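# Reading the structure
In case you want the letters, here they are:
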There are 2 protein chains.
Amino acid sequence: MSTWVDVPNDSDFTIYNLPFGIFSVDGNEPRAGIAIGAQIVDLAVLAKADLLDVEEHYFLKPFLNDFIGLGKEITRKVRLDVQRLLSDENSELKNLSGALVGQNEATMHLPVNIGDYTDFYSSLEHATNVGKMFRDPENALLPNWKHLPVGYHGRASSIVVSGTPVHRPKGQVLPKGEKTPIFKPSGRLDFELEMAFIIGKETELGESISVEKAHEHIFGMVLFNDWSARDIQKWEYVPLGPFLGKSFASSISPWIVTLEALEPFKVEGPGQDPEVLPYLKSTGPLNYDINLEVSLAPENSDTQTICRSNFKYMYWNMAQQLAHHTVNGCNVKVGDMMASGTISGKDETAYGSLLELSWGGKKSIKLQQGETRTFIEDNDTISMKGYAIKNDIRVGFGEVSGKILPAKINI
Amino acid sequence: MSTWVDVPNDSDFTIYNLPFGIFSVDGNEPRAGIAIGAQIVDLAVLAKADLLDVEEHYFLKPFLNDFIGLGKEITRKVRLDVQRLLSDENSELKNLSGALVGQNEATMHLPVNIGDYTDFYSSLEHATNVGKMFRDPENALLPNWKHLPVGYHGRASSIVVSGTPVHRPKGQVLPKGEKTPIFKPSGRLDFELEMAFIIGKETELGESISVEKAHEHIFGMVLFNDWSARDIQKWEYVPLGPFLGKSFASSISPWIVTLEALEPFKVEGPGQDPEVLPYLKSTGPLNYDINLEVSLAPENSDTQTICRSNFKYMYWNMAQQLAHHTVNGCNVKVGDMMASGTISGKDETAYGSLLELSWGGKKSIKLQQGETRTFIEDNDTISMKGYAIKNDIRVGFGEVSGKILPAKINI
C-alpha cells in the first residue's frame, strides 16, 4: 500500500498506522485528526464532505470519547476509509480544502477524557530489580506477583499530553538514618518507561471481561511516562501504595495507535510459570513487539539515549490485565487508561527507569560533555519513543516528551 | 427559622440543611433538587419561574458538576434563596406547579460525575486496629502514619448511589497455610463506615491548596460505604495497595450536604502529637461532630444497629487531607471525591468495619433471632446513617444502603 502524501522512510505515521488524536490550529477549538507522515487529516472536514460514515460533530469535540464509544465497527471503518482516501489510487482529498493540516502548525491535546487510570506492574525484570533494591535481594518478588498482574489505581487528573512541562514535586521525605520526615523538593525524581491502553467499550458493574474478549474492549495504545519521585514514594507507600510520589504528573504521547494497526506485531509472551488460574489463561500471541527507547537531554545539551527496551518483554499481557481488573465485577468506561508498569528488559541497558539504570543512585550514568546523572535534574527533558517494524511495515507512536522545571517556590 | 413544608422532628432534611441531589420521576431525565422533609424542591422549576439567579439548564443535567463549578458564591445563594422561599414568611412556591416532588415518588442518582476518587486512612483507632490484626500488635501504626494523612487512589467508576445492590465479588484468595491462591467468591466481605467530601473548585496542575483555603475547594459531604473484600485485599495489597478488594463497588448517600450547612457542628479534633510539618498545621475547629451508625439487616429479618461512631474522632481533618493531596502539585477537579477512611472510635461499639467488630472474624456479632455474623452474608443489607444536632438544629445525611447479592455464576 502506498500513499500520495509524502511520508519519510522513518516516519512513525505511515499509511499502515493512522492513529487518532486531538489537535488544534491557531487557538481554535480542539478537534479530531488522524496522523499521516508530517500531516494531520482533519476528520471533521472529511465528515462534512460526506466522505465518512460518521457525523461531523463527533470530530468537533475536545476528546475522542464519544467517537470511540461508537464502537469498533465504526471506528475501524473510519480508519479504513481514511486509508483508502490517502492511497495512491485515490485523489479526492487532494482538492478538499483543509483536509490536511501540517503537524508543525498544530497543537496536540489529551486525546481522551480519562475517567479512571490504573497502573500495572507487569514487567518481571522491573519488579525483580525494585524488589532487590527496596526489600530483600534473595526474595525480590513478592508471593503474589506471578499469580496475578499486580496493579493499583493512579491519579487521572494529572495525566498530561507530551510537551507539557512538569514542576519538580515537593513532599515529605525521610532523610537517611532519621525518624522524622522533612518537607523538600524531591531529590530522586525519575521516569518510568511504560505503555498504556485505552478502553474502547464499556462494561456494566458486575460484568467481567475474559482474556479472549479483552481485545474488543481495547481501542488502542499510547506511550506513557509515569514520572516518579522515589524519595516521596519510599516514605509514603506502605501500606496503601504509591500516592504523591506519582500523582504530580504522568505524560502520554498524543496519538492513539489502534489495536488493528498493531495486529501484525503480535508475538508470544514469555512463558508463565507457575501456571496461572483459569481466568488468566491466555493462548496465542498476546504480546506486542514494540521497540522502545528513552532519551535524556540536559538544558542546552545533546539528547542521549539512555535505555532501549521492548514491550514484548512483559510477563503479563494486556488481555490478562483487563481480565484481572474486571474479574471482581469492576466496570470500565470508554477513555479509561491502563498502563503497563515500567517496561524493563534483562539487559542493563533495557532498564526502564533511572532507579534501575543508576541502581538506586549508586551508579552514575555518563552523558555527553562530561555530564552524569543518577536521577533527573532541573531542566532535563525526558523523551520516549516507540515503534514496531516488520517486513518494511512501520507503525510508531511518535514520542512522549516532558521537561522538568524547578520546584515552585510557594507551597 | 421555620418552614411551611411539613418536616418531621427527626427529619435529616430540615430548613437548616437543604442538601443538593439528582433525582428523576417516572423515568424522566434526571435533574437537580434540594431535599426538604420528605419532599424535593425541583430547582429547574424554580429557575424557570425566575426565582433563582441560575439558568434553568444547569439544573437539567444528570450531574451537579456544572452547577457546582459556578462557584460557592452562586451555589450558596441558590441554597439561601431556596431557604427563604421555604420559610414561613414566604408562600410563592405553594402555588408554583411542580416545585415540590415527594421523595417517595423519586429515584435518586449519583449526584456528581466523579473524576478521581481518593480514599484516606485517617482514623487513628481504625489504623491501629488493622495494624494490630494484619501486622505487629506491638507496632500497629506504621512510622509515616502520624506524619501524613495516608491515602491512596481508588476506583471512581464503581461508585454507586444508595440502593444499588452489589454482587459479592470473586477473586484470588490465599487459603490459610497454602502457597497457591484459589479463585472464589469473597468469604470475608465487609463494609467500611466513611464520609467523603466533594471538590467544588478546581486547581491547575502544579498548584497546592493550603489548610486555610481548603474549605473554599470543598462543596459538601456524603456518607460513604467502602465495601471491602478482606480475603482478596490481603493477598493482593502488598506492595502497591488495595485494588480488586475494593474496586467492585463503593456506595454513597444521594444528598450532598453543603459545608455551609455543617458549619455549626465544627469541633476541635484530637491533638496531633508529634507536631506535623508546617504545610499540615491547622488551627481552630476543623473536625465535625456528626453522629454515625451502621445497621445490618439479614433477608426477612429486623434491622439492627451494629456500630455507633462519630466523624469528630478523625485524627486528620479534611483540610489537612486536601492540603496533603495537593502539596505535590496534583490538581483537583470539580466532582472529585475524597473519602475519610473507616471512622472508628475508641469504644468497641464504635468500630466502623466488621473486620474490627469481629476482630478479624474471631468474635461473633450477635443479631436478633439468634443470628450471628463475622462478615457480610448474601442478601444482607448494610445501611449507614449520619446526622449532626446542636441547639435543636438537626442536619443529616439520610442514608447509604446496599444489599449484597450472591456472587454471579459466570466469571
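This is a predicted model, so every value here is computed, not measured.

With that out of the way, let us pick up the domain arrangement of chain A. All names here are of chain A. Considered domain by domain, chain A is made up of domain 1 (20-109) and domain 2 (117-405). For domain 1 and domain 2, the distance between their C-alpha centres works out to 29 Å. Each partner contributes to the interface: domain 1 provides 16 residues, whereas domain 2 provides 16 residues. Both faces considered, domain 1 and domain 2 share a buried interface measuring about 1300 Å² in area, 66% of it formed by carbon and sulfur atoms. Looking at the side of domain 1 facing domain 2, the largest losses of area belong to Phe20, Ile68 and Lys72, adding up to 45% of the total buried there. In this structure, the connection of domain 1 to domain 2 is made through two salt bridges.

In screw terms, the move from chain A to chain B is a rotation of 180° and a rise of 0.0 Å along the axis, fitting with an RMSD of 0.0 Å. On the angle and the small slide along the axis, the relation comes out as a two-fold axis. Nearest to the rotation axis, the C-alpha of A:Gly241 is located 2.1 Å from it, this being the minimum over chain A. A symmetric contact is evident, with 100% of the interface residues of chain A recurring at the interface of chain B.

On to the interface of chain A and chain B. Listed as interface residues are 61 residues of chain A and, on the opposing side, 61 residues of chain B. Summed over both partners, the interface of chain A with chain B comes to about 5600 Å²; 63% of that surface belongs to carbon and sulfur atoms. If you look at where chain A meets chain B, you find four salt bridges. Seen at the junction of chain A and chain B, the total is 25 residue pairs in polar contact (both at pLDDT 80 or more). Put simply, the parts of the chain that give the side of chain A that touches chain B at least two residues each are β6 (117-120), β7 (151-154), β10 (170-173), β11 (182-185), α6 (230-236) and α8 (318-326) of chain A. If one sorts the elements of the side of chain A that touches chain B by residue count, β7(A) sits on top with four residues.

With that settled, the discussion passes to the UniProt feature "domain: Fumarylacetoacetase N-terminal" (unreviewed entry) in chain A. The positions that UniProt labels "domain: Fumarylacetoacetase N-terminal" (unreviewed entry) are, in the present scheme, residues 17-111 of chain A. As a span, residues 17-111 of chain A carries 26% helix and 24% strand, and end to end its C-alpha atoms are 16 Å apart.

All names here are of chain A. Spatial ordering of the open sheet is given by β9-β26-β25-β20-β21, a layout of five strands whose pairing is mixed. The two strands at the open ends of the sheet, each matched to only one other strand, are β9 (166-167) and β21 (304-310). As paired elements, β9 and strand β26 (residues 393-405) share two bridges and run parallel to each other. Each bridged residue has a counterpart across the sheet, and for His167 the counterpart in β26 is Leu405.

Here we come to the packing of aromatic side chains. The tally for this structure, following the rule as stated, stands at 22 aromatic pairs over all chains. Relative to B:Tyr315, the ring of B:Trp145 has its centre 5.3 Å away and its plane inclined at 50°; by these criteria the two rings are tilted. On the criterion of sequence distance, the pair formed by B:Trp145 in the loop between α4 (124-134) and β7 (151-154) and B:Tyr315 in the loop between β21 (304-310) and α8 (318-326) is long-range, its members being 170 residues apart. Site record: aromatic cluster; members linked through ring pairs are A:Phe20, A:Phe59, A:Phe67 and A:Phe219.

Residue and element names in this part refer to chain A. The positions UniProt marks with the feature "active site" (unreviewed entry) are His126. Within the fold, His126 resides in helix α4 (residues 124-134). Not counting residues up to four positions away in its chain, the partners in contact with His126 are Tyr121, Glu192, Thr342, Ser344, Ser353 and Glu356.

Looking now at the pattern of salt bridges. Side-chain pairs of opposite charge can arise whenever the charged atoms involved come near each other. Applying the stated criterion across every chain, the model contains 50 salt bridges over all chains. The partner of B:Lys246 in a salt bridge is B:Asp226, with the nearest N and O atoms 3.0 Å apart. On the criterion of sequence distance, the pair formed by B:Lys246 in the loop between α6 (230-236) and β16 (250-252) and B:Asp226 in the loop between β14 (218-225) and β15 (228-229) is long-range, its members being 20 residues apart. In this pair, the class of B:Lys246 matches that of B:Asp226, namely buried. When the shortest N-O distance is used, the salt bridge between B:Lys403 and B:Glu299 registers 2.7 Å. Of the two residues, B:Lys403 is situated in strand β26 (residues 393-405) and B:Glu299 in the loop between β20 (291-297) and β21; the sequence distance between them amounts to 104 residues. Relative accessible area serves as the criterion here: at 26%, B:Lys403 is assigned to the partly exposed category. The partly exposed category is assigned to B:Glu299, whose relative accessible area is 40%. Because the salt bridges share partners, they merge into one network encompassing A:Asp190, A:Glu192, A:Asp226, A:Arg230 and A:Lys246.

All names here are of chain A. Taken together, Lys176, Arg188, Lys234 and Lys362 make up a surface patch of like positive charges. Among the secondary structure elements, Lys176 is positioned in the loop between β10 and β11. Overall, Lys176 belongs to the exposed group, its relative accessible area being 85%.

What counts and what doesn't
- Residues numbered from 1 in each chain as written.
- Chains lettered and ligands numbered in written order.
- Predicted model: local features only at pLDDT ≥ 70, side-chain atom pairs only at ≥ 80, totals over all residues.
- Heavy atoms only, no water.
- Domains from an automatic or database assignment.
- Contact = heavy atoms within 4.5 Å.
- Buried area = accessible area lost by both parts, 1.4 Å probe.
- Salt bridge = Lys/Arg side-chain N within 4 Å of Asp/Glu carboxyl O.
- Least-squares fit on C-alpha atoms with pLDDT ≥ 70 in both.
- Polar contact = N/O pair within 3.5 Å; in protein donor to acceptor, adjacent residues only side chain to side chain.
- Helix = DSSP H or I, 4+ residues; strand = E, 2+ residues; numbered from the N terminus.
- UniProt positions renumbered as here; feature names shortened; annotations may be inferred.
- Pairing = 2+ DSSP bridges.
- Phe/Tyr/Trp six-rings, centres within 6.5 Å; stacked < 30°, edge-to-face > 60°.
- Buried < 20%, exposed > 50% of the residue type's maximum accessible area, 1.4 Å probe, protein only.
- Patch = residues over 30% accessible without salt bridge, like charges linked within 9 Å, V, L, I, M, F, W, Y side chains within 5 Å.
- Areas by Shrake-Rupley, 256 points an atom, 1.4 Å probe, with all protein chains shown as cover.
- Lys, Arg positive; Asp, Glu negative; His and termini not counted.
- Charge placed at Lys NZ, Arg CZ, Asp CG, Glu CD.

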